[in-house]
Amino acid sequence: DYGCGIGVNGTILGSLSARRVIGADLDWGCIAESRGRGMEAVRADLSKPLPVRSGVADIVFLIHCLEHFEDGCLLLATVADTLRSGGALVVVTPDWQQTFKHFYDDPTHRRPYTRDGLEAALRAAGLRPRVLLRHNVGYHVGWTPLWRVFPRLCFTGDALFAVAERASGDGM
């Protein structure tokens, strides 16, 4: 769980019998909180090479993280490299078409994404989008079982939700 924050999603994954869950965040306070929840967490600057070997992750989460990076394509390519062949990346990011009025109210937001822009960024990183949709929890609370399992995946407001796969045998 890159940009794991306080470890909510990672803790839930661990409770669902995931073999190993690793959280990565830049903030020491978040790392301490994640570890306090029993999650393995490491400090990592996601704008630099990641502290994970290539091709080892089954699934990677970037939940409300991508928009905080100037070069999202580079981040996505770096994350894609950590996925095993057939592994999946789950991304949730604000939908610029719906959030443009308040996107920059968060001073840490660097780059907005539209649905087409996110799809292009995923493909540029060598990933195949399998699911790419707009999701508004404010209007669809409970619409997806993911909301109940991963509460941080969604927020009250409009978001883009994507699942992309690293191609099998693509040599990445």
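Quick caveat, the model's predicted, so the values are computed rather than measured.

## Section: the nonpolar core
Stage number 1. Ranked by internal contacts, the top residues of the largest apolar core, which has 28 residues, are Leu 46, Leu 62, Leu 76, Leu 89, Val 91, Leu 118 and Leu 122.
Stage number 2. Elements with a contribution of two residues or more to this core: β3 (57-63), α3 (72-82), β4 (83-94), α5 (115-124), β5 (127-136) and β6 (158-166).
Stage number 3. Once residues within four sequence positions are removed from consideration, Val 91 is found in contact with Leu 62, Leu 66, Leu 76, Leu 118, Leu 122, Leu 160, Phe 161 and Ala 162.
Stage number 4. In this structure, Cys 4, Leu 13, Ile 63 and Ala 88 belong to the second largest nonpolar core, which totals 12 residues.

## Focus on the state of the cysteines
Stage number 1. Following the criterion strictly, the structure yields 0 disulfides and no others.
Stage number 2. Free cysteine Cys 65: the closest other cysteine sulfur is in Cys 4, separated by 9.5 Å.

## Let's talk about unusual backbone geometry
Stage number 1. One non-glycine residue with positive phi stands out, namely His 64, at about 50 degrees.
Stage number 2. You can see His 64 is positioned in the loop between β3 and α3.
Stage number 3. For His 64, a relative accessible area of 23% corresponds to the partly exposed category.

Analysis parameters
- Residues numbered from 1 in each chain as written.
- Predicted model: local features only at pLDDT ≥ 70, side-chain atom pairs only at ≥ 80, totals over all residues.
- Heavy atoms only, no water.
- Core = buried A, V, L, I, M, F, W, Y, C linked by side-chain atoms within 4.5 Å.
- Buried < 20%, exposed > 50% of the residue type's maximum accessible area, 1.4 Å probe, protein only.
- Helix = DSSP H or I, 4+ residues; strand = E, 2+ residues; numbered from the N terminus.
- Contact = heavy atoms within 4.5 Å.
- Disulfide = S-S within 2.5 Å.

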